[in-house]
Amino acid sequence: MAVNYNLKADRGTDFVLHLQYVDDSNTPVDISGMTASMQVRRHSSSGTTLISWISSPTGDWDSAHATLYDGTPGTVGATTGSGGIKLTSSYTGGTAGNSLGVTGGIWVIADPTTTQNLPVGQHFYDLELNSSNTTVKLLEGRFDVKGN
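Notes on the structure in this doc start here. (Residues numbered from 1 in each chain as written. Predicted model: local features only at pLDDT ≥ 70, side-chain atom pairs only at ≥ 80, totals over all residues. Heavy atoms only, no water.)

1. Notes on the pairing of strand β8 (residues 105-110)
Side chains on a regular strand alternate between the two faces of the sheet. Along β8, six of the six residues are buried, which leaves the element largely enclosed by surrounding structure. Alternating positions in β8 separate into two faces, G105, W107 and I109 on one and I106, V108 and A110 on the other, with burial throughout. Direction of pairing for strand β3 (residues 15-20) relative to β8: antiparallel, over a ladder of six bridges. Of the residues in β8, the one forming a bridge with Q20 is G105. Where strand β7 (residues 83-87) lies against β8, five bridges are found, and the strand directions are antiparallel. Within β8, the residue paired with G84 across the bridge is I109. (Buried < 20%, exposed > 50% of the residue type's maximum accessible area, 1.4 Å probe, protein only. Helix = DSSP H or I, 4+ residues; strand = E, 2+ residues; numbered from the N terminus. Pairing = 2+ DSSP bridges.)

So this is what it looks like as structure tokens:
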């Protein structure tokens, strides 16, 4: 079951989220070899995606992995910025780990160009981890965008 956690973003500023996926004994879960995705929608059951982040198959990110949509499902808007999801990451986006190289860290970022084009209001998001045979929804909740 996903944890419900509400997020806030200010238009025209960096959006950064870092979390650590841990087990019941507070030990970081090894998420190497997995991918992650996060989507923001106008409504919890809406098929219309406002912004979508994905990690690359290597768990890293590049500027192509944050996509802003123009309100039409599947249609990328004219203005996109950069951002994405990096797995096994420290809270600054760097790669770090314990003695086994495991952090369970998930780092999500969107630059000001991306957030400037998000509509102001209350939206909904979810964050999932995927492996070849498993999908785990880690977080879900409101994604509030404040105007600048």
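Next comes the rest of the description.
2. Comments concerning the pattern of salt bridges
For the structure on display, the rule yields five salt bridges. With a shortest N-O distance of 3.9 Å, D10 and K146 are connected by a salt bridge. Taken together, the positions of D10 in strand β2 (residues 7-10) and K146 in strand β10 (residues 135-146) put the pair 136 residues apart, joining distant regions of the chain. You can call D10 partly exposed: its relative accessible area is 36%. The closest approach of N and O atoms between K137 and E140, which form a salt bridge, is 3.5 Å. Linked through salt bridges whose partners overlap, the residues forming this network are R41, D126, K137 and E140. (Salt bridge = Lys/Arg side-chain N within 4 Å of Asp/Glu carboxyl O.)

3. Structural notes on the sheet that holds β3
The strand order β3-β8-β7 describes an open sheet built from three strands, whose pairing is antiparallel. The open sheet has two free edges, formed respectively by β3 and β7, since each of these has just one partner strand. This sheet shows a mean twist of 10° between the axes of neighbouring strands, independent of strand direction. (Axes fitted to C-alpha atoms, helices over the stretch in contact; angles between N-to-C directions.)

4. Examining the environment of T27
Following the sequence through the fold, T27 ends up in the loop between β3 and β4 (35-41). Along the backbone, T27 and T103 are 76 residues apart, and their C-alpha atoms lie at a distance of 8.7 Å. If we skip the residues at most four places from it in the chain, T27 touches Y21 and V22. Looking at T27, its side chain comes within polar contact range of the side chain of S25, at 3.2 Å. (Contact = heavy atoms within 4.5 Å. Polar contact = N/O pair within 3.5 Å; in protein donor to acceptor, adjacent residues only side chain to side chain.)

5. Describing the nonpolar core
Core analysis: the biggest nonpolar cluster contains 26 residues, and F15, M38, W53, I85, I106 and F143 have the highest contact counts within it. For this core, the elements supplying multiple residues, two or more each, are β2, β3, β4, β5 (49-54), β7, β8, β9 (121-130) and β10. Here this core takes four residues from β10, the largest share from any one element. Filtering out sequence-adjacent residues up to four positions away, F15 remains in contact with L7, K8, A9, M38, W53, V108, I109, A110, T115 and F143. (Core = buried A, V, L, I, M, F, W, Y, C linked by side-chain atoms within 4.5 Å.)

6. Some details on the packing of aromatic side chains
All told, the structure shown has four aromatic pairs when counted by the stated rule. Taken together through their ring pairs, the aromatic side chains of F15, W53, Y125 and F143 make up a single cluster. (Phe/Tyr/Trp six-rings, centres within 6.5 Å; stacked < 30°, edge-to-face > 60°.)

7. A word on the layout of surface pockets
Within this model, the largest pocket holds a volume of roughly 170 Å³. V3, Y5, L17, L19, Q20, Y21, V22, L138 and L139 are the residues that line the largest pocket. Of all elements in the fold, only β3 and β10 reach the threshold of two or more residues within the lining of the largest pocket. A total of three residues in the lining of the largest pocket trace back to one element, the largest contributor, which is β3. Across the lining of the largest pocket, the residue classes break down as eight nonpolar, one polar and no charged. (1 Å grid on protein atoms, 1.4 Å probe; cavity = no way out; pocket = protein on both sides within 12 Å on 5 of 7 lines; lining within 4 Å. Points joined across faces, edges and corners; volume = space filled by probe spheres on them. Nonpolar A, V, L, I, M, F, W, Y, C, P; charged D, E, K, R; others polar.)

All quantities given are derived from atomic positions and should not be read as evidence of function.
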